[in-house]
Amino acid sequence: MHPVNHHRPDASDPLGLSHRFELPRWTFLTHHARVLLEIARNPEVRLRDLAAGIGVTERTVQNIVNDLHAAGYLSRERVGRHNHYTLNADQHFRYPTEAGLPVRRLIDMFADRDIDGSPSAASPQRESPGPPPGG
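Thresholds applied
- Residues numbered from 1 in each chain as written.
- Predicted model: local features only at pLDDT ≥ 70, side-chain atom pairs only at ≥ 80, totals over all residues.
- Heavy atoms only, no water.
- Pairing = 2+ DSSP bridges.
- Helix = DSSP H or I, 4+ residues; strand = E, 2+ residues; numbered from the N terminus.
- Phe/Tyr/Trp six-rings, centres within 6.5 Å; stacked < 30°, edge-to-face > 60°.
- Buried < 20%, exposed > 50% of the residue type's maximum accessible area, 1.4 Å probe, protein only.
- Salt bridge = Lys/Arg side-chain N within 4 Å of Asp/Glu carboxyl O.
- 1 Å grid on protein atoms, 1.4 Å probe; cavity = no way out; pocket = protein on both sides within 12 Å on 5 of 7 lines; lining within 4 Å.
- Points joined across faces, edges and corners; volume = space filled by probe spheres on them.
- Nonpolar A, V, L, I, M, F, W, Y, C, P; charged D, E, K, R; others polar.
- Polar contact = N/O pair within 3.5 Å; in protein donor to acceptor, adjacent residues only side chain to side chain.

A.B. asks: Mind showing me how you'd approach the pairing of strand E1 (residues 74–79) here?
C.D. replies: Side-chain direction in a regular strand flips from residue to residue, so the side chains alternate between the two faces of the sheet. Pairing analysis gives six bridges linking E1 to strand E2 (residues 82–87), with the strands arranged antiparallel. Across the sheet, residue Glu77 finds its bridge partner in E2, namely His84. Where E1 hands over to E2, the hairpin turn is made up of two residues, of which Gly80 adopts a positive phi near 65 degrees.

A.B. asks: Which parts of the structure should I look at to understand the packing of aromatic side chains?
C.D. replies: We describe a pair of aromatic rings using the distance from one ring centre to the other and the angle between the two ring planes. All chains considered together, the criterion is met by one aromatic pair. On the basis of an interplanar angle of 75 degrees and a centroid distance of 5.0 Å, the ring pair of Trp26 and Phe28 is categorised as edge-to-face. Since its relative accessible area comes to 54%, Trp26 is described here as exposed. On the basis of relative accessibility, which here comes to 76%, the residue Phe28 falls in the exposed class.

A.B. asks: Hey, could you run me through the pattern of salt bridges in this one?
C.D. replies: Oppositely charged side chains are able to pair whenever their charged atoms sit close together. By the definition in use, this model includes three salt bridges. Here Arg41 and Glu38 are joined by a salt bridge, their closest N and O atoms 2.5 Å apart. Residue Arg41 and its partner Glu38 are both found in helix H1 (residues 31–41); the two are separated by three residues, about one turn of the helix. One salt bridge in this structure joins Arg46 and Asp49, with 3.0 Å as the shortest N-O distance. For Asp49, a relative accessible area of 17% translates into the label buried.

A.B. asks: Can you help me understand the layout of surface pockets in this one?
C.D. replies: Rolled over the atoms, a probe as big as a water molecule pinpoints where empty space is left. The computed volume of the second largest pocket comes to approximately 350 Å³. As for the second largest pocket, its lining consists of 15 residues, and the residues nearest its centre are Thr30, His32, Ala33, Phe93 and Arg94. Among the elements of the structure, H1 and helix H3 (58–70) are those that each provide at least two residues to the lining of the second largest pocket. With three residues, H1 is the largest single contributor of residues to the lining of the second largest pocket. Residue composition of the lining of the second largest pocket, grouped by class: 10 nonpolar, two polar and three charged.

A.B. asks: Whenever I open this one, the side chain of Asp49 confuses me. Can you help?
C.D. replies: As for its placement among the helices and strands, Asp49 is situated in helix H2 (residues 47–54). Engagement of the side chain of Asp49 in a polar contact is seen with the side chain of Arg46, the distance being 3.0 Å.

Printed below as a string of structure tokens:
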């Protein structure tokens, strides 16, 4: 594992990813999932920052946001010169084997974590369930 360097991200790397690791040839999460997660983390993220952070073009992110909007996963509202996004986390996954599950499962798994993988200070810690009733 590569050490985490806690410096401020620059304009070419607004999410601060490039110094932490070398991007692998493939990953388990698609760009659509990454865009959804970044919007969950910051509903007012600028598409250019999102694109630079996940390593795709701004046009690619625009197309992904359009896909997610058309499929009902998010809505957007113009606020001044930027957009505010609202996720529909109850919308189900699209692939048949996961179609019965809401995307909230993915969002809950990743969105409350900082980019470096540690729990976000801004996110409330979840309480662990206590012992089962009667036990």
